[in-house]
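Structure assessment
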Amino acid sequence: MKEFNVPFRILMGPGPSNVDPRVLRAMSQTMLSHLDPVFIRVMDDVQDGLRQVFRTRSPITLPISGTGTAGMEAAMVNMIEPGDTVLVCTAGYFADRMAEIAERAGGRVQRLEAPWGRVFEADQVRKAVDRHRPKVVAFVHVETSTGVSQPIEPLAEVLNRDDIITIMDCVASLAGEPIDVEGNGLDFVYSGSQKCLSCPPGLAPITLSEKAIRRLSTRTAPVQSWYLDLAMLRKYWSEVRVYHHTAPISLNYALREALRIIEEETLPRLYARHRLNHEALVRGLEAMGLQMFVGKEARAWTVNTVKVPEGIDDQTVRTALLERHGIEIVGGLGALKGQVWRIGLMGYSSNRNNVLLLLGALEEILTELGCPSADGVQAASRVYREAELADSGRVSAFSEEKPVRVG
Ligand SMILES: *Cc1c(COP(=O)(O)O)cnc(C)c1O
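How each quantity is defined
- Residues numbered from 1 in each chain as written.
- Predicted model: local features only at pLDDT ≥ 70, side-chain atom pairs only at ≥ 80, totals over all residues.
- Heavy atoms only, no water.
- Helix = DSSP H or I, 4+ residues; strand = E, 2+ residues; numbered from the N terminus.
- Buried < 20%, exposed > 50% of the residue type's maximum accessible area, 1.4 Å probe, protein only.
- Polar contact = N/O pair within 3.5 Å; in protein donor to acceptor, adjacent residues only side chain to side chain.
- Phe/Tyr/Trp six-rings, centres within 6.5 Å; stacked < 30°, edge-to-face > 60°.
- Pairing = 2+ DSSP bridges.
- 1 Å grid on protein atoms, 1.4 Å probe; cavity = no way out; pocket = protein on both sides within 12 Å on 5 of 7 lines; lining within 4 Å.
- Points joined across faces, edges and corners; volume = space filled by probe spheres on them.
- Axes fitted to C-alpha atoms, helices over the stretch in contact; angles between N-to-C directions.
- Contact = heavy atoms within 4.5 Å.

The omega torsion of the bond from Gly15 to Pro16 falls at 0 degrees, within 30 degrees of zero and hence cis. Locating Pro16 in the fold gives a position in the loop between strand E1 (10-11) and helix H1 (21-27). Phi is positive for Arg55, close to 60 degrees, though the residue is something other than glycine. Residue placement: Arg55 occurs in the loop between helix H2 (37-54) and strand E2 (61-65). Residue Arg55 is classed as partly exposed on the basis of its relative accessible area of 46%. Here the phi dihedral of Arg133 falls at roughly 50 degrees; this positive angle occurs in a residue that is not glycine. Considering the arrangement of structural elements, one finds Arg133 in the loop between helix H5 (122-132) and strand E5 (136-140).

Here's what the structure looks like:
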């Protein structure tokens, strides 16, 4: 076998995102055992960092060994007992996956459906809750198949009741869009390492509220999955340190470094960056005459869905982007196959260079394919320029308001 040299790619699909070189360096450090006191400090740091991004103080905040779907499965098998009614708000591929796993966990699943590309209204959810009296309600924050960001607060207000466990998927939004787990009273929230956290795939951060922890301890049947049983996993991730399975050591080094980078940037700036790059991309795409799939109010900052223009072959464009420019964007999933492109701007991949490069490359390719496109780069640049002006405006306003007193 020959040496494998990985080509450099600009990852602008719905995950994985590019990994910060600092994270790759952290990963290449020497192996420790999963009970080494030094590794245990790494675990503590990872948990503290995750509490910051989830905004919670919950003792059960940890990375499950597995990808985002393992987080999803952990939520379902730990929170559902056979026969429980589970309401799943489905308006996309990943919500459907939630419903399927909930069914396999023995839940009696009721689907509340909304058209793909739309959000759920509080009233709609309230009615479904009154009708079905579910023990568990699950929804997706950023639905990666459609590019919709579901507003959390209105649903949280309806669902914040003693008799309901709320599960939220934020695989494509944790550390990309504002999330306040404790403030919104969410009970079981899970994510994945390879999207906005900019780590390699393989870890699924989760956090449980007090109510969810109570639910764990009052189960009548043991969790069907041994590997994902939080009653056991929590013992490895707390002071007891009972061996459960060998943690993916290097991935935990990676996550620790990624969380350290987030701490340095600070959450407000991280959110502002994701928002700005999203706005610049959208302005650029629209200036090129392309249409977004999702209405302005409901667009995610992390996953952008844009309609494939009439007469253009989705795959031809994506192949040209990849082969010529090393840029990956991804096509539609399920019902949206061939209809949209999904452009991720997550974590390390959410930056100005990527936005401008993609717009320029798309202009070139679409023009060659007889769909003349221009002005995308300029329009996006204007968004950055405006943001810089607004920013400097804020700084001077602040200094006028609070003059520095000398002496
Ligand atoms: C990517 C994704 C998942 C699945 O994560 P994997 O890491 O691929 O297992 C689940 N939900 C959402 C919203 C996602 O974007």
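Next up on the list: the side chain of His244. Looking at the element boundaries, His244 is found in the loop between helix H8 (230-236) and helix H9 (249-265). A polar contact of 3.4 Å, which involves the side chain of His244, links it to the backbone oxygen of Trp226. Among the polar contacts made by the side chain of His244, one reaches the side chain of His245 at a distance of 2.9 Å.

Quick look at the packing of aromatic side chains now. Taken as a whole and assessed by the stated rule, the structure comprises three aromatic pairs. Ring centres 6.5 Å apart and planes at 65 degrees place the aromatic pair Phe39 and Tyr253 in the edge-to-face group. With Phe39 in helix H2 and Tyr253 in helix H9, this pair connects stretches of sequence that are 214 residues apart. Both residues of the pair, Phe39 and Tyr253, belong to the buried class. Ring geometry for Tyr93 versus Phe94: centroids 5.1 Å apart, planes at 80 degrees, classification edge-to-face. Here Tyr93 falls in the partly exposed class, since its relative accessible area comes to 32%. Overall, Phe94 belongs to the buried group, its relative accessible area being 17%.

The buried fraction of E5 amounts to five of the five residues, a majority that puts the element mostly inside the structure. Covered by surrounding structure in E5 are Val136, Ala138 and Val140 together with Val137 and Phe139, the residues of both alternating faces. Direction of pairing for strand E3 (residues 85-90) relative to E5: parallel, over a ladder of three bridges. Following the sheet pairing, Leu87 is matched in E5 by Val137.

With that out of the way, let us pick up empty space enclosed by the protein. Using the criterion set out here, one finds two cavities of 30 Å³ or more in the structure. Residue lining of the largest cavity: Cys89, Ala91, Arg118, Val119, Phe120, Val140, His141, Glu143, Val148 and Gln150, and that is the complete set. Along the walls of the second largest cavity sit Gly147, His278, Met292, Val294, Arg299, Ala300, Val303, Asn304 and Thr305, which together make up its complete lining. At three residues, strand E11 (residues 303-307) tops the list of elements feeding residues into the lining of the second largest cavity.

A separate point is the sheet that holds E2. By definition, the strands of a sheet pair up through backbone hydrogen bonds, in either a parallel or an antiparallel sense. The mixed open sheet is built from seven strands, whose spatial order is E2-E10-E9-E8-E5-E3-E4. The sheet is open, and its two edges are formed by E2 and strand E4 (108-113), each paired on a single side. Adjacent strand axes in the sheet meet at a mean angle of 20 degrees when their direction is disregarded. Judged from the three bridges that link them, strand E8 (residues 165-169) and strand E9 (residues 188-190) form a sheet pairing that is parallel. For Met168, the partnering residue across the bridge sits in E9 and is Val189. Relative to E2, H2 is tilted by about 110 degrees, and along the sheet it contacts E2, E9 and strand E10 (203-208). Strand contacts of helix H3 (residues 68-79): E2, E5, E8, E9 and E10, with the helix running at about 165 degrees to E9, the strand carrying the most contacts.

All quantities given are derived from atomic positions and should not be read as evidence of function.
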